[in-house]
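A closer look at the structure
Chain by chain, the residues:
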Number of protein chains: 2
Amino acid sequence: MPARRFTVLLAHELAWFRQCLIGRPFVGYQCATGQELAVTRPKHRPLTLRDVSEACGVSEMTVSRVLRNRGDVSAATREKVLAAAKALGYVPNQIAGSLASQRVNLVAVVIPSLSNMVFPEVLTGINRTLDDTPLQPVVGVTDYLPEKEEQVLYEMLSWRPSGVIIAGLEHSDATRAMLTNAGIPVVEIMDTDGTPVDSMVGISHRRAGRKMAEAILKQGFSRIGFLGTKMPLDHRARKRFEGFTEGLTKAGIEIEDREFYNGGSALAKGREMTQTMLERSPDLDFLYYSNDMIGAGGMLWLMDQGVDIPGEVGLAGFNGVELLEGLPRQLATMDACRAEIGEKAAQIILDRSAALDTEDSFEPEHITLAPKISYGQTLRRHGQG
Amino acid sequence: MPARRFTVLLAHELAWFRQCLIGRPFVGYQCATGQELAVTRPKHRPLTLRDVSEACGVSEMTVSRVLRNRGDVSAATREKVLAAAKALGYVPNQIAGSLASQRVNLVAVVIPSLSNMVFPEVLTGINRTLDDTPLQPVVGVTDYLPEKEEQVLYEMLSWRPSGVIIAGLEHSDATRAMLTNAGIPVVEIMDTDGTPVDSMVGISHRRAGRKMAEAILKQGFSRIGFLGTKMPLDHRARKRFEGFTEGLTKAGIEIEDREFYNGGSALAKGREMTQTMLERSPDLDFLYYSNDMIGAGGMLWLMDQGVDIPGEVGLAGFNGVELLEGLPRQLATMDACRAEIGEKAAQIILDRSAALDTEDSFEPEHITLAPKISYGQTLRRHGQG
DNA sequence: CTGAAAGCGCTAACAG
DNA sequence: CTGTTAGCGCTTTCAG
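Residues numbered from 1 in each chain as written. Chains lettered and ligands numbered in written order. Predicted model: local features only at pLDDT ≥ 70, side-chain atom pairs only at ≥ 80, totals over all residues. Heavy atoms only, no water.

In the annotation of an unreviewed UniProt entry, chain A is listed under the name Transcriptional regulator, LacI family, putative and assigned to Roseobacter denitrificans.

Looking at the overall build of chain A
The number of helices and strands found in chain A is 13 helices and 14 strands. Looking at the 385 residues of chain A, the share that counts as buried comes to 50%. Taking as baseline every contact in chain A between residues at least 6 positions apart, the subset at least 24 positions apart corresponds to 64%. For chain A, the accessible area works out to roughly 18,000 Å², and carbon and sulfur atoms hold 51% of it. (Helix = DSSP H or I, 4+ residues; strand = E, 2+ residues; numbered from the N terminus. Buried < 20%, exposed > 50% of the residue type's maximum accessible area, 1.4 Å probe, protein only. Contact = heavy atoms within 4.5 Å. Areas by Shrake-Rupley, 256 points an atom, 1.4 Å probe, with all protein chains shown as cover.)

Things to note about the pattern of salt bridges
Residue and element names in this part refer to chain A. The full count for this structure, using the stated rule, is 46 salt bridges over all chains. When the shortest N-O distance is used, the salt bridge between Arg338 and Glu121 registers 2.5 Å. Taken as a pair, Arg338 in helix H13 (residues 338-358) and Glu121 in helix H6 (residues 118-130) lie far apart in primary sequence, 217 residues in all. Given the relative accessible area of 7%, Arg338 is considered buried. Look at Glu121 and you get partly exposed, because its relative accessible area is 21%. A network of salt bridges, in which partner residues are shared, links Arg50, Glu54 and Glu60. (Salt bridge = Lys/Arg side-chain N within 4 Å of Asp/Glu carboxyl O.)

Some thoughts on the relation of the copies chain A and chain B
When chain A is fitted to chain B, the residual RMSD is 0.1 Å, and the transformation amounts to a turn of 180° plus an axial shift of 0.0 Å. Within this description, the copies of the chain are treated as partners about a two-fold rotation axis. When C-alpha positions in chain A are compared against the rotation axis, the closest is assigned to A:Ile95, at 2.8 Å. Most of the interface of chain A is mirrored in chain B: 100% of its interface residues are interface residues there too. (Least-squares fit on C-alpha atoms with pLDDT ≥ 70 in both.)

Some points on the nonpolar core
Among the nonpolar cores identified, the biggest contains 84 residues, and A:Ile165, A:Ile189, A:Phe244, B:Ile165 and B:Ile189 are the most heavily contacted of them. Filtering out sequence-adjacent residues up to four positions away, B:Ile165 remains in contact with B:Val107, B:Ala108, B:Val109, B:Val110, B:Ile126, B:Val187, B:Ile189, B:Ala345, B:Ala346 and B:Ile349. Judged by nonpolar contacts, the second largest core, of 49 residues, contains A:Met273, A:Leu278, A:Leu284 and B:Trp301. (Core = buried A, V, L, I, M, F, W, Y, C linked by side-chain atoms within 4.5 Å.)

Some words on the interface of chain A and chain B
Taken together, the contact pairs 47 residues of chain A with 47 residues of chain B. Roughly 4,400 Å² is buried in total at the junction of chain A and chain B, and carbon and sulfur atoms are behind 62% of that figure. Looking only at chain A, the three residues that lose the most surface to chain B are A:Ile95, A:Trp159 and A:Arg160, adding up to 16% of its buried area. Along the contact surface separating chain A from chain B lie 2 salt bridges. For B:Lys148, the salt bridge identified is with A:Asp131, shortest N-O distance 3.1 Å. Our enumeration of links across chain A and chain B arrives at 12 residue pairs in polar contact (both at pLDDT 80 or more). Here the element with the most residues in the side of chain A that touches chain B is helix H5 (residues 94-101) of chain A; it accounts for 5 residues. (Buried area = accessible area lost by both parts, 1.4 Å probe. Polar contact = N/O pair within 3.5 Å; in protein donor to acceptor, adjacent residues only side chain to side chain.)

This is the structure:
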């Protein structure tokens, strides 16, 4: 009887059939009607513990122990198992492992954007702490949209991660509920002006704005413009702005002019906005930018115009981005401690997930970092001020 | 008999015991010796399908169907189930779902770095395509280290993702073996100068270098310096360099001077290197930078020095970063098509994983995008050139 | 030190 | 349209 390449099998036949396929390119199969069939092997069936077990003649359980370095296994067995696993190219199935062990070595990291270098830097900090630990970060991006945050968090929680690191303290009710009920450590990062669900690590943006206002006033500037992002959902930028006006108000001063932008190349926008503002309010003697990129754009524009910085106009930004180092003049700024925030947040998750094993209990941690002003060459009016 | 807070249970008791805990803060338990115990409920047991099933009086299977929108379910039952799931705050367990269904909606994305904005942009492209599909990207970072690439890939494959998107064509033997044997679609991105394991999407960096050489020569420049990254493992930068020298060689010209850097702020390094090179080789009339950031730094330095660009010295970079738009002068560059690469790569994975369901077979796709030179204001010597 | 048994929470396949 | 059954590949638990 000639071999055919394809046939339909009943379900229970198929189950048995798959057993036959292990490790063979194809298999001859005598089906119920007595027909002899040649069937192509399924393209790829990933190896299982059982395959390794059969290859080295050791029970699945022992293989598992060797591969996880758990429990005592004789050196001889260990060698045998490792050799077999390597020879076969076995890659353990974490899905099955996590289901069985009820522990998942993933940490959900939820951030608003990747385009703003701030967040890749936080991730770098998280990576640094989590490298050389079993924990692994998984990133979700929300585009600053609360609905998307909800959705992203939901999807991440459905993987039952060991912890959540999430940017900001402002969330929808649903998001907050999920965080509260997830039963895993949650660290809210970047911002500490508010009440976290659990732990938090960040800086006070309100205080940052206030401190910058104080520094500016101390240098004798008084006719101040603010340039920032329009995004109503960037709560941290908003809080900096609020803290800033608050700081000025305490000294009886008000912002003279303000300008907001949305999208586009930040550097180019900084130029445009600065031009617009100075044409509208030529009397200004200081410009405070809500981030370094637009600040740098503004600075470049002013230099093009031959404006004396900080003699005629002083400048400051926010974030302490590396880029500033290469600019013709060092822009005053404030470091947002991004990498450190990432490291500390990851450390909290790490400590807590270790504590779960030892049944220790942990209190929520609230860490507020204090960013320092870097005066650069655009804020100090009088010598070493 | 007084209630105690803690006790030791035999294993089989515990199993039964857990049933009692469902939905209750604590439970009275009559153990084998007749003792009545009050036991605190475990901190948190995530809800299961069974909980929802019990809450709404519908079989687990039907609940599952409703939650996945699979198969026909009567509107009435659907409503009931959805209401119960929502009320309880049920979040499905993907770990279990993936194990049972043998399909994991994750796409592994392996890239060398997050600090270089190129990669976040590729990710944005991938996200854009994968949004509104069940597939979800998971990112791993290799720091340009082959060993780390191996390790990261191994960990990602252990989650049995639906596909892999990985930067570059150069990998260790082990990495290549894993990619070949994973049995899932693999797309190697960014570069097309070489042989992929499966599919690839990118640009030819060799050709990019060559084209830039041709453009420079056509503008009449002839004493050319190259400034680039020292990283021997950035194969794409290397290939651009090779293509560049090749292009010059064809015209009988050789690079006059070269300078390489490592780490630090790219903008600042661009300044330094440019200064170093021009002091060493003052005759140069063109500088080709291996990326836009160092190019921008060089440009800023030259402008500080009052050098006429491109009259005295022409400049070009590579990548087409958004930043350039805000610079005092538009740097010539070449777009690396980053977002498009991300989109196309994700699309390939998407098509293939759909094809797996319909049993269609797919050929590897090799997509080479053609980056265009943007002349800016630093490359054209003679009017519109 | 090693093995056998019993699930983890869900879904595919089939039977009503 | 809905329910039942039998695993997915691994680890936990307990018994040698």
